[in-house]
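Listed below, chain by chain, are the residues.
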Amino acid sequence: MPKNKNNYWAERARKDKIKVIKTGEKGIDNLKRLLKLNLDDVERQIKEFYDKYGENPAEKMTYAEWEKYKARLSKMAKQNPQDEYLQFLAKQNIPKYRIDRLRALELDLQMQLTEATNGQAKGIYNTLDDVSKVSQATLASRMNKTLGLTFNAISANKMKQILMSDWSGANWSERLWKNREKVGKKLTEVLEKGIPQGVSLQKMSRELRDLTGQSFNNAFRLIRTETSHIDGQVTLEGYRQASEELGLQYYEYDAFLDTRTSSICRELNGNRFKVSEAEVGVNYPPMHPNCRSTTQLVLPD
């Protein structure tokens, strides 16, 4: 066992936090590759639309074409009950023979946004699952070498509860789909204003690419924030075990001090709190989106 347990714990805790952060960033890198595919697809669809219907976006679709769109839209809506905006689009009563090419393009892009959000949700969950495994492994090693304790692994059911908890008012999945709705409404606005007004292909592509980017940026932010939350909850489980078995009652707030450190984390840095009174967003990280702060268990020297 190290002679100065506090120093060893602090050094290991920071290194372990970096491992956890890197695990989250690996998930973000995977989503960035998905983003590239989506951006290319949006640009392709806009170009094809302009090539075919740029001078006449109000051209009506045939009955057969509209029936295929309606069936595809209805099927996707049933497969994605969590997508409230897609439900709204599927329930709209659009008279037959009156659907135009512009509306068809919008529906195509809306369904693509649904698929992209599903990809984001899957990527986020897999990343957070990896984060939980790394966090538990590093904490178990730290507790064993510093305290001589065997960390009690968190059960699969409890870990799933942590992964999907609504600790900030809504869980990450609910926030993700709420953001999809906002982006979807903005997409409708851009198309309905842009094409009839003769907005250029380049500008239209840029605006729609920006909207796709906004959707993914929200997913990136969710990964970083939820990574901090999951790591914090795993660590807190270890603190509670150490408190119960060894009587260790306090932890110290530890902010990564640099130009990116928030004022609230800077103020909390170095402050000590009771393990039993730890509260996310009050005295325990994450304190805000993209929070990088960690904590140190206070050990007797």
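Below you will find a few notes about this structure.

This part covers the overall build of the protein. Looking only at helices and strands, one finds 8 helices and 3 strands in the protein. Reading the secondary structure of the protein in the N-to-C direction produces α-α-α-α-α-α-α-β-α-β-β. Since a compact globule built from 301 residues should have a radius of gyration of about 19 Å, the 24 Å found for the protein marks it as more spread out than a globular shape. Taken over the C-alpha atoms alone, the protein extends approximately 80 × 40 × 25 Å along its principal axes.

The full count for this structure, using the stated rule, is 3 cavities of 30 Å³ or more. In this model, the largest cavity occupies a volume close to 110 Å³. Within the residue set of the lining of the largest cavity, elements represented by two or more residues are α1 (5-53), α4 (101-147), α6 (172-194) and α7 (201-246). The element contributing the most residues to the lining of the largest cavity is α4, with 4 residues. Considered class by class, the residues forming the lining of the largest cavity number 8 nonpolar, 3 polar and no charged.

Here we take up the pairing of strand β3 (residues 294-297). Judged by which residues are buried, β3 turns out to be covered on both faces: Thr294 and Gln296 on one side and Thr295 and Leu297 on the other are all buried. In the sheet, strand β1 (residues 250-254) pairs with β3 via 4 bridges, with the strands oriented antiparallel. The residue of β3 that forms the bridge with Tyr253 is Thr295.

Next up on the list: α4. For an α-helix, 3.6 residues make a turn, and residues three or four places apart therefore share a direction. An ideal rise of 1.5 Å per residue puts 69 Å on 47 residues; α4 measures up with 67 Å between its terminal C-alpha atoms. Where α4 begins, one side-chain oxygen reaches toward the backbone nitrogen of Leu102, 3.2 Å away; that side chain belongs to Asp100. Following α4 by one or two positions, Gly148 adopts a phi angle in the positive range, close to 75°.

Let's shift gears to the packing of aromatic side chains. Following the criterion strictly, the structure yields 8 aromatic pairs and no others. Plain terms: the ring middles of Phe216 and Phe220 are 6.5 Å apart, the flat faces sit at 55° to each other, and that makes the pair tilted. Here the residue Phe216 and the residue Phe220 both occupy positions in helix α7, the gap between them amounting to 4 residues, near one helical turn. Each member of the pair Phe216 and Phe220 is classed as buried. When the ring of Tyr251 is compared with that of Tyr284, the centres are 5.4 Å apart and the planes differ by 90°; the resulting orientation is edge-to-face.

Taken as a whole and judged by the stated rule, the model has 26 salt bridges. One salt bridge in this structure joins Arg101 and Glu59, with 3.5 Å as the shortest N-O distance. With a gap of 42 residues between them, Arg101 in helix α4 and Glu59 in the loop between α1 and α2 (63-79) connect regions that are remote in the sequence. With relative accessibility at 31%, the residue Glu59 sits in the partly exposed group. Across the pair Asp258 and Arg292 runs a salt bridge, and its minimum N-O distance is 2.8 Å. One end of the pair, Asp258, is in the loop between β1 and α8 (263-268); the other, Arg292, is in the loop between β2 (272-274) and β3, and 34 residues separate them in sequence. Residue Arg292 is classed as buried on the basis of its relative accessible area, which comes to 18%. Counted as one network, the salt bridges with shared partners bring together Arg12, Asp16 and Arg142.

Cut-offs and rules
Residues numbered from 1 in each chain as written. Predicted model: local features only at pLDDT ≥ 70, side-chain atom pairs only at ≥ 80, totals over all residues. Heavy atoms only, no water. Helix = DSSP H or I, 4+ residues; strand = E, 2+ residues; numbered from the N terminus. Rg over C-alpha atoms; globule rule 2.2 N^0.38 Å. 1 Å grid on protein atoms, 1.4 Å probe; cavity = no way out; pocket = protein on both sides within 12 Å on 5 of 7 lines; lining within 4 Å. Points joined across faces, edges and corners; volume = space filled by probe spheres on them. Nonpolar A, V, L, I, M, F, W, Y, C, P; charged D, E, K, R; others polar. Buried < 20%, exposed > 50% of the residue type's maximum accessible area, 1.4 Å probe, protein only. Pairing = 2+ DSSP bridges. Expected span 1.5 Å × (residues − 1). Polar contact = N/O pair within 3.5 Å; in protein donor to acceptor, adjacent residues only side chain to side chain. Phe/Tyr/Trp six-rings, centres within 6.5 Å; stacked < 30°, edge-to-face > 60°. Salt bridge = Lys/Arg side-chain N within 4 Å of Asp/Glu carboxyl O.

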